[in-house]
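The lines below spell out each chain.
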Amino acid sequence: MISYDIVIIGGGPAGLAAAVSARKAGIEKILILERDKELGGILNQCIHNGFGLHTFKEELTGPEYAYRFIEQVLEEKIEYKLNTMVMDISADRVVTAMSREDGMYQIQAGAVILAMGCRERPRGALNIPGYRPAGIFSAGTAQRLVNIEGYMPGREVVILGSGDIGLIMARRMTLEGAKVKVVAELLPYSGGLKRNIVQCLDDFGIPLKLSHTVVDIEGKEHVSAVTIAEVGKDMKPIPGTEERYTCDTLLLSCGLIPENELSNKAGIQMNPITSGPIVNESLETNIPGVFACGNVLHVHDLVDYVSEEATKAGANAAKFVQNGSKDTEKGHVVELKATDGARYTVPSTIDVDKMDNLLTVRFRVGAVYKNSFVSVYLDDERIQHLSKRILAPGEMEQVILQKKQLQEKKDLKTITIKIEAE
């Protein structure tokens, strides 16, 4: 069996950043396994700009951002295998992979970094009534068809869901000459970034209808029309509010799901809210030496945050390989709790003795909050009370914890993050 110090599953933005970080931390034998025919992941089809403002202090397109990291991987001579599917990860970090060239083989890893990204929620999960005609695509599939394959899915478009990919595809289809008639969103708020609503819908005069959903799809062979209706607080359509749009294309942008079949099979504990692994302050899962970062952990809104998180995962995986089992002893472990509007936290637990001097905790809220506060409690003592003009589910939030402050509270059991009105 071949062995590597670190095996990284996924060659997208998370996997690339983790690999570069691990190499800089002194790890020689690193292998990236990527199922696609090239490195870069989803960024290869994201040809719009807006990437890299945090990481490189300049605005790049998706492929440009990916190439900055691919260049570093090539410079560092980090090994990678393309067109390779990972089939299994065992509890003792044996990775089973297969490809056309190498067949099926196993790799013993000193540490594993999960960086598989996420996928779109399919139509089957949405319970939309109507036939199953041609002309219905997920927004990401349409993005790939237009930006990489050079095909136009259609000319008259309705979009269901206001996630970032749907918003960006509303603009992209318009620029390619299609007529985007409406973007309908089931929830009373958009799931995308505010800047995307302004730049992709408002600037092109495309209407966004909140609290609306598709109630009928017409056409047996091909989509010919779509009917949307307003929904009440019970999320059920309100009779008499139907609006019919003739169209030849329906794009679905109804959320992203972390790609965690491998993690589930490996026995990794999962967070039911994020659908990603539960991790500690080192981004390590409940299986020692298995780390997770990027969209496989929780869905990010900015790729810069993915790279930042993956850099940390790479450094911590390197530390695990270098220190071996000496590092497995637990110190003062504290649980993180999200409540009163905060939906989850990453990480879920912190070992105060092992954390960095400053630790970034990321979370999302469950609704839109205006003129409120993000509060952090150490048991019952409030230590942060941050004023926020607006909090929205589409935008990731963060708080920074200080090691010194946590160490001073010797019997600390729980850190709570919540949204407060005052």
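Presented here is a report on the structure given in the accompanying data block. The structure presented is a predicted model; accordingly, all values stated were derived computationally and were not measured.

## Let's talk about the packing of aromatic side chains
One pair of aromatic rings is described through two measures. These are the centre distance and the angle between the planes. Evaluated as defined, the whole model comprises four aromatic pairs. Taken together, a centroid distance of 5.5 Å and an interplanar angle of 50° make the contact between tyrosine 65 and phenylalanine 69 tilted. Highlighted residues: tyrosine 65 and phenylalanine 69, both in helix α2 (residues 62-75), separated by four residues, approximately one helical turn. Overall, the relative accessible area of 8% leaves phenylalanine 69 in the buried class. Grouped by ring-pair contacts, the aromatic residues Phe56, Tyr65 and Phe69 constitute a single cluster. In this structure, arginine 362 is placed above the aromatic ring of tyrosine 305, and the distance from its NZ or CZ to the ring centre is 4.4 Å. Lying over the aromatic face of tyrosine 377, lysine 418 brings its terminal NZ or CZ to 4.8 Å of the ring centre.

## Considering the sheet that holds strand β17 (residues 249-252)
Strands sit in the order β10-β17-β11-β12-β13 across an open sheet of five strands; the sheet is parallel. Each edge of the open sheet carries a strand with a single partner, namely β10 (136-138) and β13 (208-210). Pairwise comparison of adjacent strand axes, ignoring direction, gives a mean angle of 20° for this sheet. Bridge count for β10 against β17 is three bridges, and the pairing is parallel. Across the sheet, serine 138 pairs through a bridge with leucine 252, a residue of β17. Against the sheet, helix α3 (residues 139-149) contacts β10 and β17, and its axis sits at roughly 90° relative to β10.

## Examining the environment of glycine 314
Mapping glycine 314 onto the fold places it in helix α7 (residues 303-323). The buried category is assigned to glycine 314, whose relative accessible area is 0%. Along the chain, glycine 314 and phenylalanine 291 lie 23 residues apart, while their C-alpha atoms are 8.5 Å from each other. Residues in contact with glycine 314, not counting those within four places in the same chain, are Ala18, Ser21, Ala22 and Ile113.

## Focus on unusual backbone geometry
The amide bond that connects valine 346 to the next residue, proline 347, takes the cis arrangement and shows omega of 5°. Here proline 347 is to be found in the loop between β20 (333-339) and β21 (349-351). In this structure, lysine 57 is a non-glycine residue whose phi angle is positive, near 60°. For leucine 283, which is not a glycine, the phi torsion comes out positive at approximately 65°. Mapped onto the secondary structure, leucine 283 falls in the loop between α6 (261-265) and β19 (290-292).

## Observations regarding α2
Here α2 spans 20 Å end to end across 14 residues, near enough to the 20 Å set by a 1.5 Å rise per residue. Taken as a whole, α2 has its buried residues at Gly62, Tyr65, Ala66, Phe69, Ile70, Gln72 and Val73. The secondary structure elements touched by the buried residues of α2 are α1 (13-24), β2 (30-33), β3 (49-51), β4 (60-61), β5 (79-81) and α7. Taken from the residues just after α2, lysine 77 is the one with a positive phi, measuring 55°.

## A closer look at the side chain of glutamate 120
Relative to the helices and strands, glutamate 120 resides in strand β9 (residues 118-120). Despite its burial, glutamate 120 pairs with no opposite charge, the nearest such side chain being arginine 119 at 9.6 Å. Of the polar contacts made by the side chain of glutamate 120, one reaches the side chain of serine 138; its length is 2.7 Å. For glutamate 120, the side chain forms a polar contact with the main-chain nitrogen of alanine 139, separated by 3.2 Å. Beyond its immediate stretch of four places on either side in the chain, glutamate 120 contacts Ser138, Ala139, Gly140, Thr141, Ile165, Leu252, Gly255 and Leu256.

## Thoughts on the state of the cysteines
What the rule picks out here adds up to zero disulfides. Not part of a disulfide, cysteine 293 finds its nearest cysteine sulfur in cysteine 118, a span of 13 Å. Of the residues examined, cysteine 293 reaches a relative accessible area of 0% and is grouped as buried.

## Quick look at the pairing of strand β12 (residues 179-185)
Note on strand geometry: in a regular strand, side chains alternate between the two faces of the sheet. Counting buried residues in β12 gives six out of seven residues, a clear majority hidden from the surface. Crossover handedness for the path strand β11 (residues 156-160) to helix α4 (residues 164-175) to β12: right-handed. Of the pairings in the sheet, the one linking β12 to β13 comprises three bridges and is parallel in character. For alanine 184, the partnering residue across the bridge sits in β13 and is lysine 209.

## Section: the environment of proline 288
Inspection of the secondary structure assignment puts proline 288 in the loop between α6 and β19. Since its relative accessible area comes to 42%, proline 288 is described here as partly exposed. In sequence terms proline 288 and alanine 111 are 177 residues apart; their C-alpha atoms lie 8.3 Å from each other. The contact partners of proline 288, leaving out residues within four places of it in the chain, are Arg93 and Phe320.

Quick notes on the rules
- Residues numbered from 1 in each chain as written.
- Predicted model: local features only at pLDDT ≥ 70, side-chain atom pairs only at ≥ 80, totals over all residues.
- Heavy atoms only, no water.
- Phe/Tyr/Trp six-rings, centres within 6.5 Å; stacked < 30°, edge-to-face > 60°.
- Helix = DSSP H or I, 4+ residues; strand = E, 2+ residues; numbered from the N terminus.
- Buried < 20%, exposed > 50% of the residue type's maximum accessible area, 1.4 Å probe, protein only.
- Lys NZ or Arg CZ within 6 Å of the ring centre and 35° of its normal.
- Pairing = 2+ DSSP bridges.
- Axes fitted to C-alpha atoms, helices over the stretch in contact; angles between N-to-C directions.
- Contact = heavy atoms within 4.5 Å.
- Expected span 1.5 Å × (residues − 1).
- Lys, Arg positive; Asp, Glu negative; His and termini not counted.
- Salt bridge = Lys/Arg side-chain N within 4 Å of Asp/Glu carboxyl O.
- Polar contact = N/O pair within 3.5 Å; in protein donor to acceptor, adjacent residues only side chain to side chain.
- Disulfide = S-S within 2.5 Å.
- Right-handed = clockwise from strand over helix to strand, strands pointing away.

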